[in-house]
Number of protein chains: 2
Amino acid sequence: MTTAGDGKPISTIVIIIAMQTEALPLVDKFRLTEDPDSVFPNGVPWVRFHGMYKDLQVNIIWPGKDLHLGVDSVGTISASLVTYAAIQALKPDLIINAGTAGGFKAKGARVGDVYLASDVAFHDRRIPIPVFDQYGIGARQTFSPPNLLKELILKVGKLSTGDSLDMSPHDETSILANDATIKDMEGAAVAYVADLLSVPVIFIKAVTDIVDGEKPTSEEFLQNLVAVTAALGQAVSQVVDFITGKCLGQL
Amino acid sequence: MTTAGDGKPISTIVIIIAMQTEALPLVDKFRLTEDPDSVFPNGVPWVRFHGMYKDLQVNIIWPGKDLHLGVDSVGTISASLVTYAAIQALKPDLIINAGTAGGFKAKGARVGDVYLASDVAFHDRRIPIPVFDQYGIGARQTFSPPNLLKELILKVGKLSTGDSLDMSPHDETSILANDATIKDMEGAAVAYVADLLSVPVIFIKAVTDIVDGEKPTSEEFLQNLVAVTAALGQAVSQVVDFITGKCLGQL
């Protein structure tokens, strides 16, 4: 499906971002506009912002506000659906999943750190039957571009994904087993779908809260969301600037 | 998107079934054949069986075996994706999500019982921020056809969905809050996607194991899977026979 694997420069990227607050600074930065004729079916709240940035067709896909409740459509189901639909509609050479995450101070994470995820896995899909257990965890290595990592100042760590903002004791056990430094609500789902359709994904995650710290996650998350989103936006800009004009093998 | 809402008889149905063991008896019963030219994109393991049964175009969609691990692609992400892709490709008038479930004996469930779910919700998406909490739970009433319920002998109960086969204490608290009689790994996800695209869904779930009983779920599930699948197949057949020749308003 990708066209940039054979030495041609990357031409189309899709940036998947779960929250409006995370997406809008990047929409401004890349001077994107909202698609009036949606590439998505009637009824879905998914929003595509797009435009040319240097030589790249840049698409930011935000799953939009829940139609009944008006909050951002966070979590693995919406992330899976928009990843699938965006790949079908836009045939990107590369996906970037950008967003905020919780970090574990025991693994060196601090609020404001920006990570590139080397691995992803789920921590809330426990299926205690042989082989199904591995399917549930869904661990996979990500596309981790060596030159990009050399060039840009990003921390590298493993990402664990689940549909809860808090962390239950069972989640904690799984997150430890996943050896995760950061915890989000979308990454492993985006990885699963992109892997099905053979599109590489780079995961850029900025730490809004310390999971193994003193403060409740939801409070710390809301406090830091806007400030950390600025750091996230800067990191994603740098990654996009680095990508421009290169083929996948040069990243 | 549906055409059967305006008094025309239902012409196309999609039956979404997560496991091959659950799907194959119904494939035989309706004499369906596997689609050689998939309506789905290259790379995905999703399988469509289809054919005419009386006046109905019947499609059974099974998410297939995981490409890396060879086990059924169970859980909410695969269920969401195939629901979305099947609606896009086949424009069904009605979806049936059929499968096995855990049951709570405290709510009257026994192994082999077949339920029609009156309500669905998630029990493993905890987001303790106002309104986001409701989005996470994702509770919704289902399409519960009154005449079908009168005609067929099906128990009625609320369904709670999560991506784990076991039940953690946090899950249990949420399942109690959801007032659930049965627990599965797909239902609320199918409901979410079908609701986005305005297609009604009937949930038929057969109880393979008693969650609040003595035996570990995974053991009881595997022991009873084949026998309970026969009861499930019979119930789905009856539902499909009942649907034939009727419009949605007559169900």
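Residues numbered from 1 in each chain as written. Chains lettered and ligands numbered in written order. Predicted model: local features only at pLDDT ≥ 70, side-chain atom pairs only at ≥ 80, totals over all residues. Heavy atoms only, no water.

**Q** What exactly am I supposed to notice about the nonpolar core here?
**A** One recurring pattern in soluble globular proteins is that nonpolar side chains are buried together. W46, L81 and I95 of chain A together with W46 and I95 of chain B are the most contacted members of the largest nonpolar core, which has 100 residues in total. Beyond its immediate sequence surroundings of up to four residues, I95 of chain B is in contact with V14, I16, T83, I87, V190, A194, V199, P200, V201 and I202 of chain B. (Core = buried A, V, L, I, M, F, W, Y, C linked by side-chain atoms within 4.5 Å. Buried < 20%, exposed > 50% of the residue type's maximum accessible area, 1.4 Å probe, protein only. Contact = heavy atoms within 4.5 Å.)

**Q** Would you mind showing me how to read the relation of the copies chain A and chain B here?
**A** One copy of the chain maps onto the second through a rotation about an axis and a displacement along it. Superposing chain A onto chain B takes a rotation of 180° combined with a translation of 0.0 Å along the rotation axis, leaving an RMSD of 0.0 Å. Considering both components of the superposition, the chain copies are consistent with a two-fold axis. In this assembly, 100% of the residues forming the interface of chain A have copies in chain B that are likewise at the interface, indicating an isologous arrangement. (Least-squares fit on C-alpha atoms with pLDDT ≥ 70 in both.)

**Q** Whenever I open this one, the packing of aromatic side chains confuses me. Can you help?
**A** Two aromatic rings, taken as a pair, are described by how far apart their centres are and by the angle between their planes. Tallied over the full model, the rule gives seven aromatic pairs over all chains. Both rings, one in F30 of chain A and one in Y53 of chain A, keep their centres 4.7 Å apart while their planes meet at 70°; by these two values the pair is edge-to-face. Highlighted residues: F30 of chain A in the loop between α1 (20–29) and β2 (33–34) and Y53 of chain A in strand β3 (residues 47–53), separated in sequence by 23 residues. Residue class for F30 of chain A comes out buried when judged on its relative accessible area of 1%. The exposure class assigned to Y53 of chain A is buried, which follows from its relative accessible area of 12%. Residues F40 of chain A and W46 of chain A carry aromatic rings whose centres are separated by 5.5 Å and whose planes lie at 80° to one another, so their mutual orientation is edge-to-face. You'll find F40 of chain A and W46 of chain A in the same group, each marked buried. Through successive ring pairs, a cluster of aromatic residues spans F40, W46 and Y84 of chain A together with F40, W46 and Y84 of chain B. The ring of F242 of chain A has K246 of chain A sitting right over it, with the charged end atom 3.9 Å from the ring centre. (Phe/Tyr/Trp six-rings, centres within 6.5 Å; stacked < 30°, edge-to-face > 60°. Helix = DSSP H or I, 4+ residues; strand = E, 2+ residues; numbered from the N terminus. Lys NZ or Arg CZ within 6 Å of the ring centre and 35° of its normal.)

**Q** Explanation requested: the UniProt feature "domain: Nucleoside phosphorylase" (unreviewed entry) in chain A in the structure shown.
**A** Taking the UniProt record as the reference, the feature "domain: Nucleoside phosphorylase" (unreviewed entry) is found at residues 12–240 of chain A. Overall, residues 12–240 of chain A shows 35% helix and 27% strand. The separation of its end C-alpha atoms is 11 Å. (UniProt positions renumbered as here; feature names shortened; annotations may be inferred.)

**Q** Looking at this structure, how should I read the packing of α1 of chain A against helix α7 (residues 217–243) of chain A?
**A** To characterise two packed helices, one gives the angle between the axes of the helices and the distance between these axes. All names here are of chain A. Their axes nearest at 9 Å, the elements α1 and α7 cross at an angle of 45°. With respect to α7, the element α1 is oriented oblique. As for the relative orientation of α1 and α7, their crossing is right-handed in sense. Mapping the contact onto sequence places T21, E22, P25, L26 and K29 in α1 and L225, V226, T229, L232, G233, V236 and S237 in α7. Grouping the constituent residues of the contact of α1 with α7 by class yields six nonpolar, four polar and two charged. (Axes fitted to C-alpha atoms, helices over the stretch in contact; angles between N-to-C directions. Parallel < 35°, antiparallel > 145°, perpendicular 65-115°, else oblique. Left-handed = near helix turned anticlockwise from the far one by under 90°. Nonpolar A, V, L, I, M, F, W, Y, C, P; charged D, E, K, R; others polar.)

**Q** Please explain helix α1 (residues 20–29) of chain B as it appears in this structure.
**A** Residues spaced three or four apart along an α-helix point in a common direction, a consequence of the helix completing one turn every 3.6 residues. All names here are of chain B. Residues of α1 that are buried: E22, A23, L26 and V27. With its buried residues spanning 125° around the axis, α1 presents them on a single face. Residues of α1 that are buried in the fold lie against β3 (47–53), β4 (56–62), β5 (94–103) and α7 (217–243). (Arc of directions from axis to C-beta.)

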